Amino acid sequence: MILRTGHQILVIGVLVAGAIAAGALAYHRRSNSRVSYRLPRVDITRAEAGLQREVLPVLNRYCSDCHADGAHKGDVTLDAFTNSAAILADRKLWERVLHVVANGDMPPAKKPQPKPAERDVIVRWLETSLFPVDPSRPDPGRVTLRRLNRAEYNNTIRDLVGVSFQPGENFPEDDVGYGFDNIGDVLTLPPLLLERYLSAAEAVMAEAIVDGPRPPPTRRFEAAKFSGGTDNGPMRGLPSNGELRITVPVLHPGTHRVSIRAHGDQAGPDPVRMALRINGADVQRFDVRAKSQEPGTYEAEVPFPAAGDATLSVAFLNDYYGERLIERKREGKKPVKEEVKEDRNFWLHEVTVTGPLNVELPPPEFHQKVFARRRSGADDASARDLIGWFARRAWRRPITAAELDRLVSLYRERRTSGESFASAIKHAFTATLVSPHFLFRGELQPDPNDPGAIHRISEHALASRLSYFLWSSMPDDELSAIADQGRLRRNLGPQVRRMLRDPKARALTDNFAGQWLGLRTLGILEPDRGKFPAFNEELRRSMRTETEQFFSHIVAEDRPVMDFLLADYTFLNGTLARHYGIPGPEGEEFVRVTLAGTERQGLLTQGSILTLTSNPTRTSPVKRGKWVLENLLATPPPPPPPGVPELEAGEKLTGSLRQRMEKHRENAMCASCHDRMDPIGFAFEHFDGIGAWRERDGTDPVEPAGVLGSGEAFRDHRDLNRILAEGRKADFLRCLTEKMLTYGLGRGLEYYDRPAVQKIVKELETGDGRFSTLILGVVNSAPFQLRRGEGDPTQMAGR
């Protein structure tokens, strides 16, 4: 039995890391990975001269009306930036200035425009003086040592040990930075998580290695994972007769105990009645008398004659809606009788399946793999081999002799105290899983505090970066073996393409696309069912599945990334095809369909995106325009100034939505940003708040035509798509590259990453622009391959 002195094991893990840091550092130093060059520095004297002579006169001439002398449109004021030192202290703001000036987004079209030569003065000064970069001497930046996030932890345990549950589900939610939840600067380590790490490691090893009879495994299925019904936080409800369904993998035939935790909204003369069904057949019926304050548990033993997938359903059988008379007492008066409405509903909390019961199960696959390596009659030698093998895989690199000695000493302590070989091995493996070397992703560097020291990361660190980028998991055996041989850098192309074809690349869909496109929030949106009666849980799931299959197809088939905007195909089932009015599929299965001859094209006309960017009761041109600016063009508008009312607040506006928005934009504080967002959003007004096509908005005809803030006119959403794919193609490729590089590195981008971004964009523009080109561009980039010490080397300027 694993010991329950949790803090002791955790402290052991920390001590294992600390005590052998010197040995691990020596291992990395042997690689002789230092790159010899000096990074560019800011020449303060030259920068100041250019600012005063050329830049400030242009800024004063064209920008001061809106951003100086007390004016601060878009929450930007330039009054304080009168010298280079002040500008250097706020590089983030001036990086935004660089983008909007270079793209022609500022000044606004209605304002006097600088001549091309004047615009070039600002861009050139910012690029050469404020953001000094040299592609031949790249600054790779530095990634904060970061822990595995929940998805990475679950996937790593899956590939390392292969247990039947996701231990990270009980971890606190991961914080998000720069749009993603794998960013080192925000992945904190709260005390609660430390304790959960121990519990998770013990639970993993309890299932993976057995010492004695193997208990029947229990699997938990949360209500939110069932299909059918309506969502209500952690519960799923049935307001009328129907059923909730989930696919349960039966690993071993035999009798299983199915436990259902549920309650009912009681109404009428009878209690809520529920049926448990397996593959459509009733197994047992229950009277669910439990109420919301104290849900009940209802159990049945169910025979499963064979292994394989089974459909488990929980059905609500006796819906009721009616009225009854109650007597209401009134102080000092006669009681009165009132009619009250009653509504009987069913609510599911969770289902657990335990089994098979009373069957001696074979050891788990991981247990068999471990003990197949055990040498007969040589326990200590076997233990050292097994612990070294496991730690090497868990820590994703070769381990030093000192590291192995520490882990083996934990095994020996348990053997000395009389525990079995399996129990002692389990203890050492548990300590391995709570070591910082497992929980954290990071590469030790010989010169961590020298910002001028640049090193190539080791082959094993590169393998780890690559696998967590594409799979959100540990390197597999092939990747590790190539790193062991020192051949990974020479074989990145074939390895990347292999990994993108692997089913584990689904992690890019779940974790990159799910956050880039906002799909993770689709499940919590609640369109008004009165305004949009066609919206239900099946349609919600179908919308998300369409976009996920679309993204996964681009990855697996290595399609051009411009398909995100221009694809004339998508993936539909019967539910979504009917919603879109597209003939084709009838059933639940998703199939690829052509969009030729329809009004749909690429991501921007998919129901998921259109619903995400709407309000509960209507479309939102503002949200849709803002989404495009942020997620496709990387030119987000600033937050609204304080005190500006929403469209629905303040003075009552009349007319069509477009007319009301135009009146709203008459507010000078609103116009500069809304002139950029609103035209984009109005281009998609033919699609209602849940993505269905329409010709009219209420009684008003839809008017999708508009003019972008940069001057391009368009007729409708297709015309806008063409402008985005042609005139703003470089912006889209830059945005996609920046998003992917941020996700791949686990840090926000800085000015010195611009050469890497530009190189990837150029490769996408000059080639066929396939998805693998984007991924290989990230993987081959200096920020992905190199790292430097802490600090900003440009701040040594002028010394």
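Residues numbered from 1 in each chain as written. Predicted model: local features only at pLDDT ≥ 70, side-chain atom pairs only at ≥ 80, totals over all residues. Heavy atoms only, no water.

S.K.: I'd like to hear about the nonpolar core, residue by residue, with values.
M.R.: One finds L470, W516, F564 and F771 to be the most contacted residues of the largest nonpolar core, which totals 91 residues. When residues of this core are assigned to their parent elements, the largest contribution, seven residues, is made by helix 27 (residues 729-745). F771 has contacts with L500, L508, F551, I554, V555, D558, R559, V561 and M740, leaving out every residue within four places of it along the chain. Residues V163, A394, A428 and F429 belong to the second largest nonpolar core, which totals 43 residues. (Core = buried A, V, L, I, M, F, W, Y, C linked by side-chain atoms within 4.5 Å. Buried < 20%, exposed > 50% of the residue type's maximum accessible area, 1.4 Å probe, protein only. Helix = DSSP H or I, 4+ residues; strand = E, 2+ residues; numbered from the N terminus. Contact = heavy atoms within 4.5 Å.)

S.K.: How would you summarise the packing of helix 18 (residues 506-516) against helix 19 (residues 537-556) if you had to cite specific residues and measurements?
M.R.: Where helix 18 meets helix 19, the closest approach of the two axes is 10 Å, and the angle between their N-to-C directions is 125°. Taken together, the axes of helix 18 and helix 19 lie oblique to each other. Taken as a pair, helix 18 and helix 19 cross one another with a handedness that is right-handed. Listed contacts from helix 19 to R506, L508, T509, D510, F512, A513 and W516 of helix 18 are E548, F551, S552 and V555. When its residues are assigned to classes, the contact of helix 18 with helix 19 shows six nonpolar, two polar and three charged. (Axes fitted to C-alpha atoms, helices over the stretch in contact; angles between N-to-C directions. Parallel < 35°, antiparallel > 145°, perpendicular 65-115°, else oblique. Left-handed = near helix turned anticlockwise from the far one by under 90°. Nonpolar A, V, L, I, M, F, W, Y, C, P; charged D, E, K, R; others polar.)

S.K.: How would you explain helix 15 (residues 459-470) if you had to name every residue and give the values?
M.R.: Every α-helix carries 3.6 residues per turn, so stepping three or four residues along brings you back to the same face. In this model helix 15 runs 17 Å from its N-terminal to its C-terminal C-alpha over twelve residues, within 8% of the 16 Å that 1.5 Å per residue would give. In terms of residue burial, helix 15 counts as a mostly covered element, since twelve of its twelve residues are buried. Every buried residue of helix 15 is listed here: E459, H460, A461, L462, A463, S464, R465, L466, S467, Y468, F469 and L470. Looking one or two places after helix 15, you find S472, whose phi comes out positive at around 50°. (Expected span 1.5 Å × (residues − 1).)

S.K.: Outline the environment of Y153, supporting the account with residue identities and numerical values.
M.R.: By secondary structure assignment, the location of Y153 is in helix 8 (residues 150-160). Sequence-wise, Y153 and Y197 are 44 residues apart; in three dimensions their C-alpha atoms are separated by 9.9 Å.

S.K.: Got a sec to walk through the sheet that holds strand 6 (residues 242-250)? Specific residues and values, please.
M.R.: In spatial order, the strands read 6-11-8-9; together these four strands make up an open sheet with antiparallel pairing. Edge strands, defined here as strands with exactly one partner in the open sheet, are strand 6 and strand 9 (281-288). In this sheet, adjacent strand axes meet at a mean angle of 20° when their direction is disregarded. Where strand 6 and strand 11 (residues 308-316) come together, nine bridges link them in antiparallel fashion. Considered in strand 11, the bridge of L244 is made with V314. (Pairing = 2+ DSSP bridges.)

S.K.: If you had to explain the environment of E478 to someone new, which residues and values would you point to?
M.R.: Positionally, E478 belongs in helix 16 (residues 477-484). E478 gets classed as partly exposed once you look at its relative accessible area, which sits at 39%. When the C-alpha positions of E478 and L386 are compared, they lie 20 Å apart, and in sequence the two are 92 residues distant. Non-local contacts of E478, meaning those with residues more than four positions away in its chain, are made with Q495 and R498.

S.K.: Can you break down unusual backbone geometry residue by residue, with the values?
M.R.: Omega for the bond connecting G355 with P356 falls within 30 degrees of zero, at 5°, which places this linkage in the cis form. Assignment of secondary structure puts P356 in the loop between strand 13 (333-354) and helix 10 (365-371). Backbone geometry places A634, a non-glycine residue, at a positive phi of 55°. Mapped onto the elements of the fold, A634 is located in the loop between helix 23 (621-631) and helix 24 (657-664).

S.K.: Can you explain the sheet that holds strand 15 (residues 454-456)? Please cite residues and give values.
M.R.: Within a sheet, each strand pairs with its neighbour through backbone hydrogen bonds, oriented either parallel or antiparallel. Spatial strand order, 1-15-22: three strands in an open sheet with antiparallel pairing. Of all the strands in the sheet, just strand 1 (34-35) and strand 22 (786-788) have a single pairing partner and so form its edges. Where strand 15 lies against strand 22, three bridges are found, and the strand directions are antiparallel. Each bridged residue has a counterpart across the sheet, and for H455 the counterpart in strand 22 is R787.

S.K.: Kindly report on the packing of aromatic side chains, identifying the contributing residues and their values.
M.R.: In the structure shown here, the tally under the stated rule is 28 aromatic pairs. Taken together, a centroid distance of 5.9 Å and an interplanar angle of 55° make the contact between F469 and F784 tilted. Of the two residues, F469 sits in helix 15 while F784 sits in helix 30 (residues 782-785), which places them 315 residues apart along the sequence. The residues F469 and F784 share a single accessibility class, namely buried. With 5.7 Å between their ring centres and 45° between their planes, F550 and Y569 make a pair best called tilted. A residue pair is termed long-range when its members are at least 10 positions apart, and F550 in helix 19 and Y569 in strand 16 (residues 569-572) qualify at 19 residues. Of the two residues, F550 and Y569, neither departs from the other in class, the shared state being buried. Among the aromatic side chains, those forming a connected cluster through ring pairs are F180, F469, F512, W516, F550, F551, F564, Y569, F571, Y743, F771 and F784. (Phe/Tyr/Trp six-rings, centres within 6.5 Å; stacked < 30°, edge-to-face > 60°.)

S.K.: Outline the side chain of S423, supporting the account with residue identities and numerical values.
M.R.: Along the chain, the position of S423 falls in helix 13 (residues 421-433). Of the residues examined, S423 reaches a relative accessible area of 4% and is grouped as buried. A polar atom in the side chain of S423 sits 2.6 Å from the side chain of E419. (Polar contact = N/O pair within 3.5 Å; in protein donor to acceptor, adjacent residues only side chain to side chain.)

S.K.: So what's going on with the pairing of strand 10 (residues 296-304)? Which residues, and what values?
M.R.: The side chains of a regular strand alternate between the sheet's two faces. Across the two faces of strand 10 the burial differs, with G296, Y298, A300, V302 and F304 buried and T297, E299, E301 and P303 not buried at all. Relative to strand 10, strand 7 (residues 254-265) runs antiparallel, the two sharing nine bridges. Among the inter-strand pairings, A262 is bridged to a residue of strand 10, identified as G296.

S.K.: Can you break down the packing of helix 15 against helix 16 residue by residue, with the values?
M.R.: It is at 8 Å that the axes of helix 15 and helix 16 come closest, and there the two elements cross at 155°. As the angle between them shows, helix 15 and helix 16 are arranged roughly antiparallel. Remark: the crossing between helix 15 and helix 16 carries right-handed chirality. Judged by residue contacts, E459, H460, A463, L466 and S467 of helix 15 engage L479, S480, I482, A483 and D484 from helix 16. Residues that form the contact of helix 15 with helix 16 fall into these classes: five nonpolar, three polar and two charged.

S.K.: Please provide a residue-by-residue account of the pattern of salt bridges, values included.
M.R.: Counted according to the given criterion, the structure contains 48 salt bridges. Among the ionic pairs, R498 bridges to E478, the shortest N-O distance being 3.3 Å. Of this pair, R498 sits in helix 17 (residues 492-501) while E478 sits in helix 16, and the two are 20 residues apart along the sequence. Among the charged side chains, a network of salt bridges with common partners joins E243, R245, R277, D282 and R285. (Salt bridge = Lys/Arg side-chain N within 4 Å of Asp/Glu carboxyl O.)

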